[in-house]
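What follows is each chain in one-letter form.
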Amino acid sequence: MAQLYGCGGAAAEVSTRVGHRGHILLSRTGTCCGPTIPRCFFHVSAWTSPVRCSLFLSLSLSSCDGLTALFFGPAFSLTLSVLLCLLAETMSRSIVRQSKFRHVFGQAAKAEQTYDDIRVSKVTWDSSFCAVNPKFLAVIVECSGGGAILVLLLSKTGRLDKNYPLVVGHTGPVLDIDWCPHDDNILASGSEDCTAMVWQIPDHVPVRPLTEPIVTLEGHSKRVGIVSWHPTARNLLLTAGSDNLIIIWNVGTGEPLISIDNHPDLIYSVCWNRNGSLFCTTCKDRRLRVCDPRRREVVAERLAPHEGIRPMRAIFTREGNIFTTGFTRMSQRELGLWDPTSFEEPIALLEMDTSNGVLLPFYDPDTNIVYLCGKGDSSIRYFEITEEPPYVHYLSTYSSKEPQRGMGFMPKRGVDVSKCEIARLYKLHERKCEPIMMTVPRKSDLFQDDLYPDTAGPEPALEPEEWLEGRDEDPVLVSLRDGYVPPKSRELKVVKKNVLDSRPVTRRSMSSMSSCDGTNLPPQFVEKLLEEIQSLKATVLAQEKRICDLENKLSKYTNGTA
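Residues numbered from 1 in each chain as written. Predicted model: local features only at pLDDT ≥ 70, side-chain atom pairs only at ≥ 80, totals over all residues. Heavy atoms only, no water.

Q: Just give me the short version of the sheet that holds strand E21 (residues 287-292), but keep the residues and values in it.
A: Two modes of strand pairing occur in sheets, parallel and antiparallel, and in both the strands are linked by backbone hydrogen bonds. Read from one edge of the open sheet, four strands run E19-E20-E21-E22, paired in antiparallel fashion. The open sheet is flanked by strand E19 (267-272) and strand E22 (297-303), the only strands paired with a single partner. Strand after strand, the sheet turns through a mean of 20° between neighbouring axes, direction not considered. Here four bridges tie strand E20 (residues 279-283) to E21, and the two strands are oriented antiparallel to one another. Opposite Thr282, over in E21, you have Leu288 as the bridge partner. (Pairing = 2+ DSSP bridges. Helix = DSSP H or I, 4+ residues; strand = E, 2+ residues; numbered from the N terminus. Axes fitted to C-alpha atoms, helices over the stretch in contact; angles between N-to-C directions.)

Below is the structure:
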């Protein structure tokens, strides 16, 4: 706001605009003398930009004579030059927002780089149905007689063999899966059979289906719809079920550490913050909650962040704010940004379109970009979250012809830094999975430091006992300058006595143990094994005698001598 003072009571209106070549055009649109109108305005419009802005400068003048002298005299020319320079600088800042992610574009992989002939699950649950890490791609698939998970090496593209071995341990449909952030070979799954299971996936292609998990977590009375690993502590897994119960497990021992039952209705989503000290939830009672798991209480909540009754989703951002997606009262999809320390008013609230599909947010904390994927949509919209108004900036939309059944999001250590790829999503079609690369166009082939800050690595920052005692640590960061090289496969680390030691002996484990040196076997097991062998021999002899008797009777009937 600029003010020029004179010695009277008149006002005049002067307008300016930016021409097609960037020239600033000035015209005096009117004069109004008298003390009743003490102000006039400079009106500036940016005709060369799709964003039109208007900037008004109040000009307090003194008299008609002073106005004439100022308008036509050299003093006005100097003053106007200064004002117009300020106007041009302000307009350039307001029209074009400076961001290195303004030109991010999405590109689908070629046909030979997709995963074909995958029967994606048709279960009615608002899950992503897909999880991916730098080694493996996991997809929830259709299977008779229970739930199944297809786990593929990322390099195994093309058409899938119909007899490819699956992960089939659940007796009900699988609802959610999640890869461990600290071990690329550990996968967690939740199912309608009221259990969560943790699987050790081998680096090689398995010969037979994987049916035995390393740990089975039984504590829910209804289906387990959400599984989520702790971002910084080793071996901590959160599960949420339709019994409105949240349990945090130590999967190394199979023991439940914390149970939270302060949700009165179905839990839609759960998300940890960056250091794992808090998590946020959305619930069918239309409340957004921030929970402290170690204190077992809700530290903040907001009723109806979105006025619609359809499911909501919420995720923590890097700065500690909460990004939500939901619906308005008129069933329009909506996104919001909230400060959990002050839930009264949103930082930003933006209406989008009208659709029934729930928007699944995938957030990249390194770039502060959130990707919104709606089930049944054929597009992916992405926004940048900044500290400048309007705080949530629309970047662009990736569109395709096929609707998406689910989506997987690759951690930053799995992207191709040589191609300036900042994110990779895996889109599930009805019969295939298609990678989509998000790329920032750059001319240089050198490593782009501004695009790839140090990112969260696979090394945990805490042990379960340290986290339970109240300690918090940010993720251990790694550099992507030379490209990420995944570490070798390692076994699930056990801090206490492992629950696997007391599991009943199965035939497969017996056969593997019998192939070892007999001197390493405990004497009780050897005696039990010998007794079972004797029993099997007796059973075989009895069956052979019975078969001989039946064959003799059959031959008599055939010869007609019976």
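Q: With reference to specific residues and values, describe the pairing of strand E18 (residues 255-260).
A: Within a regular strand, the side chains alternate between the two sheet faces. Pairing between strand E17 (residues 246-250) and E18: five bridges, direction antiparallel. Within E18, the position partnered with Ile247 by the bridge is Ser259. Hairpin geometry of E17 and E18 is characterised by an intervening segment of four residues between the two adjacent antiparallel strands and by a positive phi of about 75° at Gly254.

Q: I'd like to hear about the sheet that holds strand E23 (residues 313-316), residue by residue, with values.
A: Taken together, four strands build an open sheet; the order of strands is E23-E24-E25-E26 and the sheet is antiparallel. Single-partner strands in this sheet number two, and they are E23 and strand E26 (348-354). Across the sheet, the mean angle separating the axes of adjacent strands is 15° when strand polarity is ignored. Bridge analysis of E23 against strand E24 (residues 322-327) gives four bridges, and the strand direction is antiparallel. The residue bridging Phe316 from the neighbouring strand is Ile322, located in E24.

Q: Explain unusual backbone geometry residue by residue, including any values.
A: Phi is mostly negative for residues that are not glycine, and the peptide bonds are mostly trans. A cis geometry characterises the amide bond from Pro389 onward to Pro390, with omega recorded as 0°. Mapping Pro390 onto the fold places it in the loop between strand E29 (379-385) and strand E30 (392-399). For Ala304, which is not glycine, the phi dihedral falls at a positive 55°. Taking the relative accessible area as the measure of exposure, Ala304 reaches 14% and is therefore buried. (Buried < 20%, exposed > 50% of the residue type's maximum accessible area, 1.4 Å probe, protein only.)

Q: Go over the environment of Asn163 with me, naming the residues and quoting the values.
A: Along the chain, Asn163 falls in the loop between strand E10 (158-159) and strand E11 (174-179). Expressed as a C-alpha distance, the spacing of Asn163 and Pro209, which sit 46 residues apart in the sequence, is 9.6 Å.

Q: Tell me about the nonpolar core, residues and numbers included.
A: Ile118, Leu137, Ile149, Val151 and Tyr426 are the most contacted members of the largest nonpolar core, which totals 37 residues. For this core, the elements supplying multiple residues, two or more each, are strand E7 (130-132), strand E8 (136-141), strand E9 (148-153), E11, strand E13 (195-200) and strand E32 (421-428). Tallying contributions element by element places E8 first for this core, with six residues. Excluding residues that lie within four positions of it along the chain, Leu137 makes contacts with Tyr115, Cys130, Ala131, Val132, Leu150, Val151, Leu152, Leu154, Tyr426 and Cys433. Judged by nonpolar contacts, the second largest core, of 26 residues, contains Tyr371, Val417, Ala423 and Met438. (Core = buried A, V, L, I, M, F, W, Y, C linked by side-chain atoms within 4.5 Å. Contact = heavy atoms within 4.5 Å.)

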